[in-house]
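Chain by chain, the residues:
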Amino acid sequence: MGWWIGDALSDPTRGAVWVVAWLVWVVVSITLHELAHGWAALKLGDTTPRDLDRMTFNPLVHMGPVSLVMLVIIGIAWGQMPVDTSRLRGRYAESLVALAGPAMNLLLMLVSGVGAVLWLGLAGNVDEPLRTNMAMFLVLGPVLNLILAVFNLAPIPPLDGSRVVANFFPAYGRFFDTENGRWAGLGLFLLYFFLLARPLMFYCLLFSVLAVAILGDLLASVTGMGVPIDEVLKAF
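Remember, it's a predicted structure, so these values are computed and weren't measured experimentally. (Residues numbered from 1 in each chain as written. Predicted model: local features only at pLDDT ≥ 70, side-chain atom pairs only at ≥ 80, totals over all residues. Heavy atoms only, no water.)

**Remarks on the overall build of the protein**
Stated formally: By definition, any uninterrupted DSSP run of H or I lasting at least four residues is a helix, any uninterrupted run of E lasting at least two residues is a strand, and each is numbered from the N terminus. C-alpha atoms define the radius of gyration in this analysis, and the globule rule sets the expected value at 2.2 Å times the number of residues to the power 0.38. Whether a residue is buried, partly exposed or exposed follows from its accessible area with a 1.4 Å probe, protein chains only, as a fraction of its type maximum: under 20%, in between, or over 50%, in that order. Contact criterion: two residues are considered in contact whenever any of their non-hydrogen atoms come within 4.5 Å of each other. Note on areas: Shrake-Rupley, 1.4 Å probe, and residue coverage restricted to the protein chains presented here. We count Lys and Arg on the positive side and Asp and Glu on the negative side, and we leave His and both chain ends out. Lys charges are placed at NZ, Arg charges at CZ, Asp charges at CG and Glu charges at CD.
When you go through the protein residue by residue, the secondary structure sums to 10 helices and zero strands. The N-to-C order of helical and strand elements in the protein reads α-α-α-α-α-α-α-α-α-α. For 236 residues, the compact-globule estimate of 2.2 N^0.38 gives 18 Å, and the C-alpha radius of gyration of the protein, at 19 Å, lies within 12% of that figure. Each of the three principal axes of the protein carries a C-alpha extent, and together these read 60 × 45 × 30 Å. Counting every position in the protein, which comprises 236 residues, the buried fraction comes to 43%. Of the contacts made within the protein by residues no fewer than 6 positions apart, 67% connect residues no fewer than 24 positions apart. Working note: accessible area of the protein is about 12,900 Å², and carbon and sulfur atoms make up 71% of it. Computing the positive centroid from 13 side-chain charges and the negative centroid from 16, the protein places the two 8 Å apart.

In structure tokens, the structure reads:
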């Protein structure tokens, strides 16, 4: 097993189009995920994202150079949006801000899924390799964004799910703010990442195939244009 880009380029089922699609979707999805946190924070009274000039579509601002370099090296990246929870209005404002990121990923999943279905249903006369390449690009959207949404909802620091739990159970948050809690959180995160990431990706892929197939059936019922299940499977 070598460099992930090299492995993908040598894999006849993926290739350069898959690499470009993965890079684009990761950057776009993480950027919009972080912006969703910022938009929610502004709506609920915290102007920190705007004060620190973080309300921008520039991925370098949200992901940082280290995250972008790691994306190229290992295919994985992360982002951050500064929020001052003491300035938020409402008992459950912190939960709403935390959930805004995964909600954005679910929205992107829906939009890209619809786009994939429309392309599979309407691009029958489009010449190859454009038809297959665009289908590969579009179907990565639902898969990646479902993975990001589910992964971030785990109640483990520093993921969004931990902020939701801490908002409802303050003692939970206070524990992970202690020195022992920070070490425990790091250990839990590493276990979660290394033990559950692969099964998570597998089940998210299965669910994405099912979701796109269902959207294809809905398209068929509305427009009369069906998207055969084999076309969905080939796209994935």
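**A few points about the packing of aromatic side chains**
As a reminder, the rule being used: In this analysis, rings of Phe, Tyr and Trp, with Trp reduced to its six-membered ring, are considered paired at centre separations within 6.5 Å, and the interplanar angle assigns stacked below 30 degrees, edge-to-face beyond 60, and tilted for intermediate values. We call a charge positioned over a ring when the NZ of a Lys or the CZ of an Arg lies within 6 Å of the ring centre and within 35 degrees of the ring normal.
A complete count under the given rule lists 13 aromatic pairs for this structure. Ring geometry for Trp4 against Trp18: centres 6.3 Å apart, planes inclined by 70°, an arrangement best described as edge-to-face. Pair noted here: Trp4 is in helix H1 (residues 4-10) and Trp18 is in helix H2 (residues 16-43), with a separation of 14 residues, a long-range link. Arranged with centres 6.2 Å apart and planes meeting at 75°, the rings of Phe151 and Phe189 form a pair that is edge-to-face. Note that Phe151 is positioned in helix H6 (residues 130-152) and Phe189 in helix H9 (residues 179-223), a separation of 38 residues in sequence. Here the aromatic residues Phe151, Phe189, Tyr192, Phe193 and Phe194 are joined through ring pairs into a cluster of three or more. It is Arg14 that lies over the ring of Trp18; its NZ or CZ is 4.8 Å from the centre.

**Here we look at unusual backbone geometry**
A cis geometry characterises the amide bond from Glu128 onward to Pro129, with omega recorded as 5°. Here Pro129 is to be found in the loop between helix H5 (93-122) and H6. Following Pro157, the chain continues to Pro158 via a peptide bond in cis, the omega torsion being 5°. For Pro158, the position within the fold is in the loop between H6 and helix H7 (160-168). Despite not being glycine, Asp53 has its phi angle at roughly 60°, a positive value.

**Re H5**
Helical geometry: 3.6 residues make up each α-helical turn, so side chains three or four residues apart lie on a common side. This is how the line gets drawn: Expected span, for any helix, means 1.5 Å times one less than how many residues it has. To get the bend at a residue, fit one axis to the 7 residues ending there and another to the 7 starting there, then take the angle between the axes.
Given a rise of 1.5 Å per residue, 30 residues ought to cover 44 Å, and the 42 Å separating the end C-alpha atoms of H5 matches this to within 8%. At Ala100, H5 shows its strongest bend, of approximately 35°, with the proline Pro102 following within four residues.

**Focus: H7**
Among all positions in H7, only Asp160, Gly161, Ser162, Val164, Ala166 and Asn167 are buried. Buried residues along H7 sit against H2, H5, H6 and helix H8 (170-176).

**With respect to the environment of Leu23**
Relative to the helices and strands, Leu23 resides in helix H2. Residues Leu23 and Tyr92 lie 69 residues apart in sequence; the distance between their C-alpha atoms is 34 Å. Not counting the four nearest positions on each side in its chain, Leu23 is found in contact with Trp4 and Leu71.

**Brief notes about the environment of Val97**
Within the secondary structure, Val97 sits in helix H5. With 54 residues separating them along the chain, Val97 and Lys43 place their C-alpha atoms 9.3 Å apart. When near neighbours in sequence (up to four residues on either side) are disregarded, Val97 contacts His37, Ala40, Ala41, Leu44, Val83 and Leu88.

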